[in-house]
Amino acid sequence: MIQQQLLNEFLSLPAEAQRQVIDFIAFLRQRYAVVESASQLPDIDLINDSFIGMWSDRQDLG
C-alpha cells in the first residue's frame with residue numbers, strides 16, 4: 001500500500017477510529033524505540049575499566 005492510499009484509508013475512518021490509529025502508532029513507536037536505543041549502546045572498554053578489574057587480585061575470582 002502506498003502512502004497516499006494509506007492516508008486515504010486513514011481519512012475515511014471516523015474520528016474515533018483515527019484517534020485509535022494515532023494512539024496505536026504512538027504505542028508502536030514507544031515500544032520499538034527501546035529496541036533501537038538498546039542497539040545503540042556506547043562502546044565500553046571492559047579491559048581497561050577500573051571498576052571491572054577491582055577484584056583482579058583475588059584468586060577465588062580469577
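Everything that follows concerns the structure shown earlier in this document.
A.B. asks: Residues and numbers for the overall build of the protein, please.
C.D. replies: Within the protein one finds 2 helices and 0 strands. Each of the 62 residues in the protein was classed as buried or not, and the buried ones make up 2%.

A.B. asks: Break down the pattern of salt bridges for me, citing the residues and quoting the values.
C.D. replies: Two side chains that carry opposite charge are able to pair once their charged atoms sit near each other. Enumeration according to the criterion identifies 1 salt bridge in this entry. In this structure, the salt-bridge partner of R19 is D23, at a minimum N-O distance of 3.2 Å. Of this pair, R19 and D23 are both found in helix α2 (residues 15-38), 4 residues apart, which corresponds to roughly one turn of the helix. By relative accessible area, R19 is classed as partly exposed at 41%. Judged by its relative accessible area of 41%, D23 falls in the partly exposed class.

A.B. asks: Give a description of the side chain of Q18 that names residues and reports values.
C.D. replies: Looking at where Q18 falls in the secondary structure, it is placed in helix α2. Only 3.3 Å separates the side chain of Q18 from the backbone oxygen of L11, close enough to count as a polar contact. Not counting chain neighbours up to four residues away, the residues in contact with Q18 comprise F10, L11 and L13.

Calculation rules
- Residues numbered from 1 in each chain as written.
- Predicted model: local features only at pLDDT ≥ 70, side-chain atom pairs only at ≥ 80, totals over all residues.
- Heavy atoms only, no water.
- Helix = DSSP H or I, 4+ residues; strand = E, 2+ residues; numbered from the N terminus.
- Buried < 20%, exposed > 50% of the residue type's maximum accessible area, 1.4 Å probe, protein only.
- Salt bridge = Lys/Arg side-chain N within 4 Å of Asp/Glu carboxyl O.
- Polar contact = N/O pair within 3.5 Å; in protein donor to acceptor, adjacent residues only side chain to side chain.
- Contact = heavy atoms within 4.5 Å.

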